[in-house]
Amino acid sequence: AQSVTQLGSHVSVSEGALVLLRCNYSSSVPPYLFWYVQYPNQGLQLLLKYTTGATLVKGINGFEAEFKKSETSFHLTKPSAHMSDAAEYFCAVSEGQAGTALIFGKGTTLSVSS
Amino acid sequence: DVKVTQSSRYLVKRTGEKVFLECVQDMDHENMFWYRQDPGLGLRLIYFSYDVKMKEKGDIPEGYSVSREKKERFSLILESASTNQTSMYLCASSQGQASHEKLFFGSGTQLSVL
């Protein structure tokens, strides 16, 4: 069975600092990996996803994530935090097959201070 | 613009009531999903459907049922609402048969069971 672990339910950074949100997964087959973001009082939207090919994936708003099979990780990074990045971030894993669904982690709330 | 519409933003019900949560998508998507979101627990999959009249249990189906009579509509039913079903309910849809496609989320229904 697949699962996702997000390390740290809350992460606080200063504006301009590096953002690092950690995600580790478990999957019995090559996984498909996702990061979704939920801004306050809004629905979830896709930040980026890894399916196959290049292991470094770039997403919207300057975020990127690297798939590391040996570490079973898919950590999300952004070189310089902006106040508007304050949100809840969810890592998710899928086996990609028909008849299966996305499994989400518990989420990490990112706070950005000035 | 793609759209997933949930019928109610806020709903208040009493214990024992039968509750219907409706979700409609206008993108002709094959897959539809119901998640519940609780603080500290992230998104948990209740049920999903990859075709009309088809349904699959997610991780927490107990106390819930679903109906998908038409491709665009996916209903979540709480047969006898209980206080532990107070939660934010999120509907989502995706195209194609594979589960690595992008999910489009509705704005959510905040259900309170008193």
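Counting restarts for each chain, with residues numbered from 1 along the sequence as it is written. Just so you know, chain letters begin at A and ligand numbers begin at 1, following the order they were written in. Residue-level local features of this predicted model are given only where pLDDT is at least 70; pairs of side-chain atoms are given and counted only at 80 or more, and the full residue set underlies all totals for whole chains, interfaces and linings. Where side-chain values are given, they derive from all heavy atoms of the structure, hydrogens and water being excluded.

A. Seen up close, the packing of aromatic side chains. Residues and elements named next belong to chain B. Note on aromatic contacts: the rings of Phe and Tyr and the six-membered ring of Trp form a pair at centre separations within 6.5 Å, being stacked when their planes are under 30 degrees apart, edge-to-face when over 60 apart, and tilted otherwise. Applying the stated criterion to the full structure yields 13 aromatic pairs over all chains. Seen in terms of ring centroids, Phe 33 and Tyr 35 are 6.3 Å apart; in terms of plane orientation they differ by 25 degrees. Their pairing is stacked. Burial here depends on accessible area, computed with a 1.4 Å probe over protein chains only, as a share of the maximum for the residue type. Under 20% is buried, over 50% is exposed, and the range in between is partly exposed. Given the relative accessible area of 3%, Phe 33 is considered buried. Under the relative-accessibility criterion, Tyr 35 is labelled buried at 0%. In this structure, Arg 9 is placed above the aromatic ring of Tyr 10, and the distance from its NZ or CZ to the ring centre is 5.3 Å. Two thresholds decide whether a charge sits over a ring: the Lys NZ or Arg CZ must be within 6 Å of the ring centre and within 35 degrees of the ring normal.

B. Quick peek at the state of the cysteines. Residues and elements named next belong to chain A. Here, two cysteine sulfur atoms that lie within 2.5 Å of each other are counted as a disulfide. A full pass over the atoms with the stated rule returns two disulfides over all chains. Here Cys 23 connects covalently by a disulfide to Cys 91, the sulfurs 2.0 Å from one another. For the disulfide bridge between Cys 23 and Cys 91, the dihedral angle about the S-S bond is near -65 degrees, and by the sign convention the bridge is left-handed. With Cys 23 in strand β3 (residues 19–26) and Cys 91 in strand β9 (residues 87–94), the pair connects residues that are 68 residues apart, well separated along the chain. Secondary structure elements follow DSSP: runs of H or I of four or more residues count as helices, runs of E of two or more count as strands, with numbering from the N terminus.

C. Seen up close, unusual backbone geometry. Unusually for a residue other than glycine, Asn61(A) sits at a positive phi of about 60 degrees. Summarising the element assignment, Asn61(A) is placed in the loop between β6 (56–58) and β7 (64–68). Owing to a relative accessible area of 42%, Asn61(A) belongs among the partly exposed residues under this scheme. Even without being glycine, Lys53(B) reaches a positive phi, approximately 65 degrees. Note on placement: Lys53(B) falls in the loop between β6 (42–49) and β7 (56–57). Residue Lys53(B) is classed as exposed on the basis of its relative accessible area of 57%.

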